[in-house]
Amino acid sequence: NILVVGSYVVDLMSRTPHMPSPGETVLGGPFHMGPGGKGGNQAVAAARLGSRVTMLTKVGHDVFGDEALKNFTTENIDTTHVTRHPDEVTGTALIAVDDQRENMIVVAPGACGKITKEDIVKAEQSFKDADIVLVQLETSMEAVETTINLANKLGKPIILNPAPYQDVSQDLLEKIDYITPNETEASLLSGVKVMDEASAREASIKLKEQGVHTVLITLGKTGCFVYDGTSEGGIVPAFSVNVVDTTGAGDAFNGAFATFIANGLSLQEAVTRANAVAALAVTKVGTAPAMPFAEEVEKFLAE
Ligand code: ADP
């Protein structure tokens, strides 16, 4: 059982021949709409691998909120703690992608930015039922803090994906079992510019000194640097694939890593498999819809 506490937004994406300048309107297209948000994406990644997933988030009383609940149900995700804000709209991400594949994104968190302490405390039973709790930084810090404190009180392992970057207090870092920053987030959290194995090791040591138990720095197509203090740590290499769209790679990695750790795999094995899941996700367009199912992962690993 995995409990995911995090964001849900609708991705509203249009291609554009070039990015509009301030005041300019560009005729773009095609347009694509789909479920997004780091919390929702990670929940889908875990559920498609066969985990029993409960999602805690908040949406609006609008069509996007209805769609969110339908989507979660289709993905076999428990929606007991997907609540609806009385007057906030469902979160959206307005995404423009140009012909050079650069993107510009405006996230309006809406309802999922209004998850309160009470919403988390009400879900105590789901915390008790969870083998692992997975949380990101795309909601309010109040929601993140309450989640980490409650999971810690109940002795539940916590994975913090510190994305998008926000300052995390020492008190919270000490309660975290696994932290999964990418290069940018690891650099901001540790003060060490991460770009290769040596700098990833240096950053990991800093984070470990701040109290985190195990550090996993994702390094894109290079793989993931793993450090738990029992050895000097090292890179678990990524899989080489035909890359189509790397958005959601981190989300695939996190949902998968949570699944494999909850299933009792070793750290090394869980990271290897999470790299495989993320590799499959980058071979497809989109975030949640690009997450692979357990059978695809087994087939890929057997090849
Ligand atoms: P984020 O999407 O959060 O920036 P990363 O880019 O570090 O995260 O990617 C997360 C994981 O996804 C990596 O550790 C790796 O396993 C996988 N991954 C990302 N990009 C590629 C790629 N081009 N080829 C293969 N695997 C990739």
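Cut-off values and rules
Residues numbered from 1 in each chain as written. Predicted model: local features only at pLDDT ≥ 70, side-chain atom pairs only at ≥ 80, totals over all residues. UniProt positions renumbered as here; feature names shortened; annotations may be inferred. Buried ≥ 20, exposed ≤ 12 C-beta atoms within 10 Å, placed from the backbone. Helix = DSSP H or I, 4+ residues; strand = E, 2+ residues; numbered from the N terminus. Pairing = 2+ DSSP bridges. Near = placed C-beta within 6 Å. Nonpolar A, V, L, I, M, F, W, Y, C, P; charged D, E, K, R; others polar. Contact = placed C-beta atoms within 7 Å.

## Things to note about the UniProt feature "binding site: K(+)" (unreviewed entry) in the protein chain
UniProt records the feature "binding site: K(+)" (unreviewed entry) at Asp245, Thr247, Ala281, Lys284 and Gly286, using the numbering of this structure. On the basis of their most widely separated C-alpha atoms, the annotated residues across 42 residues gather in one place, lying no more than 9.6 Å apart. Judged by local crowding, Thr247 falls into the buried class, with 20 C-beta atoms found within 10 Å. Residue placement: Lys284 occurs in the loop between helix H10 (267-281) and helix H11 (294-302). With 14 C-beta atoms packed within 10 Å, Lys284 lands in the partly exposed category.

## Structural notes on the pairing of strand E6 (residues 91-98)
Relative to E6, strand E2 (residues 9-16) is paired through eight bridges, and the arrangement is parallel. What sits directly across from Ser14, in E6, is Ala96. Bridging between E6 and strand E7 (residues 103-108) involves six bridges; their strand directions are antiparallel. Looking across to E7, one finds that Leu94 is bridged to Val106. The turn joining E6 and E7, which pair antiparallel and follow one another in sequence, is formed by four residues; a positive phi near 70 degrees is taken by Arg101.

## Points about the site of the ligand
Near the ligand there are 20 residues, and of these Thr218, Lys221, Ala249, Gly250 and Ala278 occur at the shortest range. Where the shell around the ligand is concerned, the elements lending two or more residues are strand E12 (223-227), helix H9 (249-262) and H10. The residue makeup of the shell around the ligand, split by class, is twelve nonpolar, seven polar and one charged.

## Quick look at the UniProt feature "binding site: substrate" (unreviewed entry) in the protein chain
UniProt records the feature "binding site: substrate" (unreviewed entry) for Val9, Val10, Asp11, Gly37, Lys38, Gly39, Gly40, Asn41, Glu138 and Asp251 in the present numbering. Mapped onto the elements of the fold, Val10 is located in strand E2. When near neighbours in sequence (up to four residues on either side) are disregarded, Val10 contacts Met33, Pro35, Gly36, Phe64, Thr90 and Thr92. Residue placement: Asp11 occurs in strand E2.

## Thoughts on the pairing of strand E13 (residues 234-237)
Pairing of E12 with E13, which is carried by four bridges, proceeds in the antiparallel orientation. Paired with Val226 across the strands is Gly234, a residue of E13. Two successive antiparallel strands, E12 and E13, enclose a turn made up of six residues, where Gly229 displays a positive phi of approximately 85 degrees.

## Considerations on unusual backbone geometry
Among all residues except glycine, the phi angle is most often negative; among peptide bonds, the trans geometry is most common. The linkage connecting Gly29 with the following residue, Pro30, adopts the cis geometry, with an omega of 0 degrees. Examined against the element boundaries, Pro30 turns out to sit in the loop between E2 and strand E3 (31-36).

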